[in-house]
Amino acid sequence: MNFENKEFTDLLDAIRLVYGYDFTDYSEASVKRRINNFMTNRKIDTIEMLGKVILKDEKLFEEFIQDISVTVTEMFRDPAFYKSLRTNVLKRLATYPFIKIWIAGCATGEEVYSIAILFKEEGLLNRTLIYATDINQKSIHIAKEGVYPLENMKQYTSNYQKAGGKISFSEYYKAKYNSVLLDKSLKQNIVFAAHNLAIDKSFNEFQLIICRNVLIYFNQKLQNNVFDLFYESLCPFGFLGLGNKESLLYADKRKHFEDVDRQEKIFMKTG
């Protein structure tokens, strides 16, 4: 369904005022498409009616956020990225007595546990703290549980092997009925928390920040703001992992990063 730009901007303004979520600098086409899908699935005919119901019903608004925020992910997704981290980044991180990592936009946690496995296999997890954040509270809850469909394990195992995995992937989970529970040892060094990249500030200093398949849903202005946030949050010679679908090319801080892996968009802060 189609709606006027003023209706669209009025809805985003109301959401920001009532709930504090700011989608005004997200990709307009992406947000409109997801709003349309939400309205169609719940048989809401007009954007005016959508505004009325989600601004009064917090439970429905949580469902709205679940649909608007992007949660498509898998363990060791894009294995070459993890292989590059193992080869080009972890040896340098091993020189730190304590390592802090921020995974921004962690969705339902598959990437977080993939990083935990990677660091465990390199003998670094016991002195690493991983902060995993997302705008979506429901996704964070799923991530904390660490329970995933058994049917996904075939793909995850293939990804893990391509990423240079060192043992049988099944060593990291226990299967029960149609689900798997990831090993509790992977969770011990992970802090899950809500964080909105559009409005929230830096909260620590990190040696590694990973943010993949998130920035493509932001407009150029918001992307630039987020890159500034990452720059502020990285220690000198810290690493930023964006993955091959993102770009640092037009960021104001581009000159302060050097390429570590141009293909997988892994950078090191130099100034």
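Summary of the structure given here. This one's a predicted model, so the numbers in the text were calculated from it and none came from an experiment.

Criteria and cut-off values
- Numbering of residues starts from 1 in every chain and runs along the sequence as written.
- The model is predicted, so local features are restricted to residues of pLDDT at least 70 and side-chain atom pairs to those at 80 or more, both for listing and for counting; the totals for chains, interfaces and linings are taken over all residues.
- Each side-chain value is derived from all of the structure's non-hydrogen atoms; neither hydrogens nor water enter the calculation.
- Under the scheme used here, helices are H or I runs from DSSP no shorter than 4 residues and strands are E runs no shorter than 2 residues, and both carry numbers assigned from the N terminus.
- Note on method: radius of gyration uses C-alpha positions; expected globular size equals 2.2 Å times residues raised to 0.38.
- Throughout, exposure labels follow a simple rule: accessible area from a 1.4 Å probe, protein chains only, divided by the maximum for the residue type, with under 20% read as buried, over 50% as exposed, and the rest as partly exposed.
- By definition in these notes, contact holds between two residues if any of their heavy atoms fall within 4.5 Å.
- Only the protein chains shown count as covering a residue, and every accessible area follows the Shrake-Rupley method with a 1.4 Å probe.
- Only four residue types enter the charge count: Lys and Arg as positive, Asp and Glu as negative, with His and the chain ends excluded.
- For the purpose of locating charges, the reference atoms are NZ of Lys, CZ of Arg, CG of Asp and CD of Glu.
- We treat two strands as partners when DSSP finds at least two bridges between them.
- The axes used here are C-alpha line fits, helices contributing only the stretch in contact, and every angle between their N-to-C directions lies in the interval 0 to 180 degrees.
- Counted as a polar contact is a pair of N or O atoms within 3.5 Å, where, for protein atoms, one must be capable of donating a hydrogen and the other of accepting one, and residues adjacent in sequence contribute only when both atoms are in side chains.

## Description of the overall build of the protein
So, step 1. Secondary structure summary: the protein contains nine helices and 10 strands in total.
So, step 2. Its C-alpha radius of gyration of 19 Å places the protein within 12% of the 18 Å reference for a compact globule of 271 residues.
So, step 3. The C-alpha extent of the protein, read off along each of the three principal axes, is 55 × 50 × 30 Å.
So, step 4. Per-residue burial over the protein gives 51% buried out of 271 residues.
So, step 5. Partitioning the intrachain contacts of the protein with sequence separation of at least 6 by distance along the chain shows that 76% fall at a separation of at least 24.
So, step 6. Of the roughly 13,200 Å² of accessible surface on the protein, a fraction of 49% belongs to carbon and sulfur atoms.
So, step 7. Considering the protein, the positive charge centre built from 37 side chains and the negative charge centre built from 35 side chains are found 5 Å apart.

## Thoughts on the environment of Lys52
So, step 1. You can see Lys52 is positioned in helix 3 (residues 47–56).
So, step 2. Given the relative accessible area of 44%, Lys52 is considered partly exposed.
So, step 3. Taking the C-alpha atoms as reference, Lys52 lies 9.5 Å from Leu11; in sequence the two are 41 residues apart.

## Points about the sheet that holds strand 8 (residues 234–241)
Strand pairing in a sheet is mediated by backbone hydrogen bonds. Such pairs are either parallel or antiparallel.
So, step 1. Here seven strands make up an open sheet; going across it, the order is 6-2-1-7-8-10-9 and the pairing mixed. Unpaired on one side and paired on the other, strand 6 (190–194) and strand 9 (257–261) mark the two borders of the sheet. Averaged over neighbouring strand pairs, the angle between their axes works out to 20° when direction is ignored.
So, step 2. Alignment of strand 2 (residues 128–134) against strand 6, held across five bridges, turns out to be parallel. Each bridged residue has a counterpart across the sheet, and for Thr133 the counterpart in strand 6 is Ala193.
So, step 3. On top of the sheet, helix 6 (residues 110–121) reaches strand 1 (99–104), strand 2, strand 6 and strand 7 (206–210); it is set at about 155° to strand 1, its chief contact.
So, step 4. Packing against the sheet, helix 9 (residues 220–233) makes contact with strand 1, strand 7, strand 8, strand 9 and strand 10 (266–269), and its axis sits at approximately 135° to strand 8.

## Details of helix 4 (residues 58–68)
So, step 1. Within helix 4, the full set of buried residues consists of Leu60, Phe61, Phe64, Ile65, Gln66 and Ile68.
So, step 2. At its buried positions, helix 4 is contacted by helix 1 (5–19), helix 2 (28–41), helix 3 and helix 7 (137–145).
So, step 3. The distance from a side-chain oxygen at the start of helix 4 to the backbone nitrogen of Lys59 is 3.1 Å, and the residue carrying that oxygen is Asp57.

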